[in-house]
Amino acid sequence: MSLSLPTLSLPPVPKAVIDIMRLEAGPAALPTSRLFLAASLVAYTAGEIGQQLVSQDILPAIAYGLASVVLLVGATFIALLLAGARDRLFQTLAALATIGVVLAVVVVVLHSIVAQVFPPPLPTARLVNFLLFPLVLWKVTLFMWIYRHASLRFVPSLAVSVLYVGFTVFVLAPLLARAFSFL
């Protein structure tokens, strides 16, 4: 006797996002609409700002959100241009931004939960960063998956995703926090 779980009937976009996060679909599952791309990039910017707001002030968080979306668009454009797949730019950017939004919401929720469990006298920020590091690895994996399905080979897709995520998380965020602490 086999046991099967009931399937949910979701609209196409949420189903595509879940399939991408389960590594079962690529960016081609998302719509090619400019409106969807613009909405996902704005949401990604807001998600990155929100993710930084849990531990930073407003100005470095806004600067981080804007800089990270500019870097995402630039890195993706250059990578797809070099791969000869510039025609897949809209769907790839939409997929990266949409997945980034989902992960940002997860980080904000988990950060809030951990902050409630460990009150402020404890080194909450360091503990949260340590506990949420697997989400950074998951973001690298998902971005690599999306780049891979956007016509990049395995090594370039891994390199672009590691460089982007690594730079934004470990270099850009602390750099902006330090730069704005002098203002």
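Predicted model, so just to flag it, every value in this text is computed and none were measured. (Residues numbered from 1 in each chain as written. Predicted model: local features only at pLDDT ≥ 70, side-chain atom pairs only at ≥ 80, totals over all residues. Heavy atoms only, no water.)

Draft legend 1. Region of the structure containing the pattern of salt bridges. What the rule picks out here adds up to 3 salt bridges. Arg 22 serves as the salt-bridge partner of Glu 24, at 3.1 Å between the closest nitrogen and oxygen. (Salt bridge = Lys/Arg side-chain N within 4 Å of Asp/Glu carboxyl O.)

Draft legend 2. Inspection of unusual backbone geometry at higher detail. Of note, the phi angle at Leu 23 is positive, near 60°, even though the residue is not glycine. With respect to the helices, strands and loops of the structure, Leu 23 is situated in the loop between α1 (12–21) and α2 (34–53). For Leu 23, a relative accessible area of 29% translates into the label partly exposed. In this structure, Ser 151 is a non-glycine residue whose phi angle is positive, near 90°. Inspection of the secondary structure puts Ser 151 in the loop between α6 (133–149) and α7 (154–181). (Helix = DSSP H or I, 4+ residues; strand = E, 2+ residues; numbered from the N terminus. Buried < 20%, exposed > 50% of the residue type's maximum accessible area, 1.4 Å probe, protein only.)

Draft legend 3. Spotlight on the environment of Val 114. Following the sequence through the fold, Val 114 ends up in helix α4 (residues 89–117). Placed 29 residues apart in sequence, Val 114 and Ala 85 show a C-alpha to C-alpha distance of 42 Å. Residues within four places of Val 114 in sequence aside, it is in contact with Val 128 and Leu 131. (Contact = heavy atoms within 4.5 Å.)

Draft legend 4. Quick peek at α7. Taking 1.5 Å of rise per residue, 28 residues should cover 40 Å, and α7 covers 39 Å from first to last C-alpha, within 8% of that figure. Residue Thr 168 marks the point of greatest curvature in α7, where the axis turns by about 35°. Along α7, the residues that are buried comprise Ser 157, Val 160, Ser 161, Tyr 164, Val 165, Gly 166, Thr 168, Leu 172, Ala 173, Leu 176 and Ala 177. Lining the buried residues of α7 we find α2, α3 (58–83) and α6. (Expected span 1.5 Å × (residues − 1). Bend = angle between axes of the 7 residues up to and from the residue.)

Draft legend 5. Region of interest: the packing of aromatic side chains. According to the stated counting rule, one finds 2 aromatic pairs in the structure shown. Ring geometry for Phe 133 and Phe 170: centres 6.2 Å apart, planes at 45°, overall tilted. A residue pair is termed long-range when its members are at least 10 positions apart, and Phe 133 in helix α6 and Phe 170 in helix α7 qualify at 37 residues. Relative to Tyr 164, the ring of Phe 143 lies with its centre 5.9 Å away and its plane at 20°, an arrangement referred to as stacked. With Phe 143 in helix α6 and Tyr 164 in helix α7, the pair connects residues that are 21 residues apart, well separated along the chain. Residue Phe 143 shares its accessibility class with Tyr 164, and that shared class is buried. (Phe/Tyr/Trp six-rings, centres within 6.5 Å; stacked < 30°, edge-to-face > 60°.)

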